[in-house]
Amino acid sequence: MNKRSSKRLNDVRKLPCVSCGKAAPSEAAHANWAEYGKGMGTKAADTNTVSLCRICHHDFDTYAKRDRVESKAWFDRMLGKTNRLLGLEEKEVF
């Protein structure tokens, strides 16, 4: 089930880029894999978003700096960083 949370998206956009550190506002970048709820024409759940500037978001979505395997591991690290910045515990839900 793909849950939507405008609160999560708005909060993520207020964070700096978790990749390069550029100051907010950022973009809420969704995960690009089925394990996170992504499907044909369906974005991943909003709980699986990270805070990225426009350039880092583009690089992430186009695999400009990492292949798919590296990108998934990187995304997991950035998701943890985003959640820590938001002050969330892994078991909290929106």
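Just above sits the structure.
We now turn to the structure provided with this report. All figures in this text were calculated on a predicted structure; none of them were measured in a lab.

Conventions adopted
Along every chain, residues carry numbers that run from 1 in the direction the sequence is written. Totals for whole chains, interfaces and linings use every residue, but because this is a predicted model, local features are given only for residues with pLDDT of at least 70 and side-chain atom pairs only at 80 or more, for both listing and counting. Neither water nor hydrogens contribute to the side-chain values; these are computed over all heavy atoms in the structure. Every helix listed is a DSSP run of H or I at least four residues long, and every strand listed is a run of E at least two residues long, numbered separately from the N terminus. Throughout, exposure labels follow a simple rule: accessible area from a 1.4 Å probe, protein chains only, divided by the maximum for the residue type, with under 20% read as buried, over 50% as exposed, and the rest as partly exposed. Positive: Lys, Arg. Negative: Asp, Glu. His and the chain ends are not part of the count. The salt bridge definition used is simple: a Lys or Arg side-chain nitrogen within 4 Å of an Asp or Glu carboxyl oxygen. Here a polar contact is recorded for every N or O atom pair within 3.5 Å, except that within protein the pair must consist of a potential hydrogen donor and a potential acceptor, and residues adjacent in sequence are included only if both atoms are side-chain atoms. Directions are taken from the helix axis to each C-beta atom, and the arc is the one they span. By definition, residues are in contact when any of their heavy atoms lie within 4.5 Å. Only centres within 6.5 Å qualify two rings of Phe, Tyr or Trp (six-membered ring in Trp) as a pair; their planes then separate them into stacked at under 30 degrees, edge-to-face at over 60, and tilted for everything else.

1. A closer look at the side chain of Arg 8
Here is step 1 of the chain: For Arg 8, the position within the fold is in helix α1 (residues 6–13).
Here is step 2 of the chain: Nearest to the buried, unbridged Arg 8 among oppositely charged side chains is Asp 11, at 7.7 Å.
Here is step 3 of the chain: Separated by 2.7 Å, the side chain of Arg 8 and the backbone oxygen of Thr 49 make a polar contact.

2. Here's the deal with helix α2 (residues 54–61)
Here is step 1 of the chain: Every buried residue of α2 is accounted for by Cys 56, His 57, Asp 59 and Phe 60. Taken end-on, α2 shows its buried residues confined to a sector of 165°, consistent with a single buried face. Exposed and oriented more than 90 degrees from the buried face of α2 are Arg 54 and Ile 55.
Here is step 2 of the chain: Against β1 (27–30), β2 (49–52) and α3 (68–86) lie the buried residues of α2.
Here is step 3 of the chain: Where α2 ends, the next residue or the one after it, Tyr 63, has phi of about 55°, a positive value.

3. A look at the packing of aromatic side chains
Centre distance and the angle of the planes are the two values used to describe a pair of aromatic rings.
Here is step 1 of the chain: Going through the model one piece at a time under the given rule, you end up with six aromatic pairs.
Here is step 2 of the chain: Residues Tyr 36 and Phe 75 carry aromatic rings whose centres are separated by 5.5 Å and whose planes lie at 80° to one another, so their mutual orientation is edge-to-face. Here the residue Tyr 36 occupies a position in the loop between β1 and β2, and Phe 75 occupies one in helix α3, the gap between them amounting to 39 residues.
Here is step 3 of the chain: Judged by its relative accessible area of 0%, Phe 75 falls in the buried class.
Here is step 4 of the chain: Both rings, one in Phe 60 and one in Phe 75, keep their centres 5.5 Å apart while their planes meet at 20°; by these two values the pair is stacked. Highlighted residues: Phe 60 in helix α2 and Phe 75 in helix α3, separated in sequence by 15 residues.

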